[in-house]
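# Reading the structure
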Amino acid sequence: MTEIYCQGCGARIQSTDPGQFGYVPEHLLGEDTVICQRCYRITHYGRHELGTPTADEALSAIEHGLEWASGIILVVDILDFESGLPPEFLRLLSDRSLLLTVNKVDLLPEQVPLEEVEVWVRRRLKSLGLSKVDVCLVSALTGLGFPVLAEAVERLGERVLLVGVTNVGKSSILERLLTMRIGGGRRRGLKPTVSPYPGTTVSVSQWHCPGVTFADTPGFAPEGRVSDLVEPERAVEIIPHRSLTSHLYPAAAGDLLLIEGLCIVECLGAGQDGLLLGFTGSGVRWQKSSSKHLEKWLQRGSFFAAWEERTVTVKPGEDLVISGLGWLSARRSSFRLRLHVPAGVKHFVRPNLIGRKK
Ligand SMILES: Nc1nc2c(ncn2[C@@H]2O[C@H](COP(=O)(O)OP(=O)(O)OP(=O)(O)O)[C@@H](O)[C@H]2O)c(=O)[nH]1
Ligand SMILES: [Mg+2]
């Protein structure tokens, strides 16, 4: 019997185990069964079922896709840029030419010029040893940047693979590219399954268009993102979907900034009039307190098995990024900060993304 694959998530269709990916009840199996029950329920009811593929399953699907592909679109989320380029993932792509597609730029504040963001992206890539990649800034939500992306895709050959870490918008970008290539109607309403929960796409799904075949892949599971350490429902609140919010705090030694049980930033030292400007998704609450209450706040975050401390210096014009959560931008002064994060969470110091550049 020929195997059928779910067009939405790439899982092999089966009707033996509702607890596994690709399930379709037997009486619904037909020649044109192309969507599994999980994708149907995600798309129609916004449900999150059966979890996500394991990191190894995702990796093996990506490797399989890489062998097949003539060209690669590497998708990153502008709001979690560094987490989208983990070295262990880049090693898989090291001998391939890449079209880096920086998605979700609609979430940046309106006053941020995209030309400036592009310069910032190119500088960041250079510092990561990726100066040779082509770059496109897009929003799969609004369609911004897609004419340029579609033109760049023409140079990738006949087999184009979308890769990236989970939840950066690979399937959403593919959906827009498909609409540009073959229109919605001629796909009989079929589209790659998109959801706010990381880990939606399960395996490789291919989409044939005139002159090119696209393939979607599951997201590479990066290490060290706060959003991957919490329950899926909480992750959806943390990951910015509709907007980014900023929080401005004058900060001096002895101040604590609390990012809702997910991270505590202790100010050990700062110059005069120093300001910390925090950015996270709008579902994350911030609060200011004092170092003398540190123990109390750490205990409140005890749903994490362990916490870690890092001491970091952030200069004016730099951001301290907390992977999978957001970032703090130092203004007017250098800061000596002690970061309390759930064990394993990564942090980065980088030139600031938003605001005046040096
Ligand atoms: N604001 C905004 N949200 C976006 C954009 N692109 C995708 N999203 C949202 O980001 C979430 C993840 O999108 P997907 O397309 O499922 O991401 P993915 O990379 O395929 O995710 P996995 O299959 O889990 O690896 C969904 O809630 C999308 O609606 C964008 O340009 N702007
Ligand atoms: Mg996907």
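Since the model is a prediction, treat every value here as computed from it, not as a measurement. (Residues numbered from 1 in each chain as written. Chains lettered and ligands numbered in written order. Predicted model: local features only at pLDDT ≥ 70, side-chain atom pairs only at ≥ 80, totals over all residues.)

Another aspect to go through is the site of ligand 1. Close to ligand 1 lie 25 residues, the nearest being Gly-169, Ser-171, Ser-172, Thr-201 and Gly-219. When residues in the shell around ligand 1 are grouped by element, the largest group, three residues, is from helix 6 (residues 170–182). (Near = placed C-beta within 6 Å. Helix = DSSP H or I, 4+ residues; strand = E, 2+ residues; numbered from the N terminus.)

Formed by 45 residues in total, the largest nonpolar core has its most connected members in Ile-72, Leu-74, Leu-99, Val-138, Leu-162 and Phe-214. For this core, the element with the highest residue contribution is strand 1 (residues 71–77), accounting for five residues. One finds Leu-258, Ile-259, Leu-262 and Val-284 within the second-largest nonpolar core, a separate group that totals 33 residues. (Core = buried A, V, L, I, M, F, W, Y, C linked by C-beta atoms within 7 Å. Buried ≥ 20, exposed ≤ 12 C-beta atoms within 10 Å, placed from the backbone.)

This part is about the domain arrangement of the protein. By domain assignment, the protein separates into domain 1 (1–51), domain 2 (53–222) and domain 3 (227–351). Each of domain 2 and domain 3 has a C-alpha centre, and the two are 28 Å apart. Taken together, the contact pairs 14 residues of domain 2 with 16 residues of domain 3. Looking at the side of domain 2 that touches domain 3 residue by residue, the classes come out as eight nonpolar, two polar and four charged. (Domains from an automatic or database assignment. Contact = placed C-beta atoms within 7 Å. Nonpolar A, V, L, I, M, F, W, Y, C, P; charged D, E, K, R; others polar.)

Here we take up the sheet that holds strand 16 (residues 347–351). With antiparallel pairing, five strands are arranged side by side in an open sheet as 7-10-14-13-16. Of all the strands in the sheet, just strand 7 (244–250) and strand 16 have a single pairing partner and so form its edges. Neighbour-to-neighbour, the strand axes of the sheet open up by a mean angle of 20°, direction not taken into account. Judged from the four bridges that link them, strand 13 (residues 318–322) and strand 14 (residues 326–331) form a sheet pairing that is antiparallel. In the strand pairing of strand 14, Ile-322 is matched with Gly-326. (Pairing = 2+ DSSP bridges. Axes fitted to C-alpha atoms, helices over the stretch in contact; angles between N-to-C directions.)

Our next topic: the pairing of strand 4 (residues 159–163). Within strand 4, four of the five residues are buried, leaving the element largely enclosed by the surrounding structure. As judged from the four bridges shared by strand 1 and strand 4, these two strands associate in the parallel manner. Pairing of Gly-71 across the sheet is with Val-160, part of strand 4. Here strand 4 pairs with strand 6 (residues 212–216) via three bridges, running parallel.

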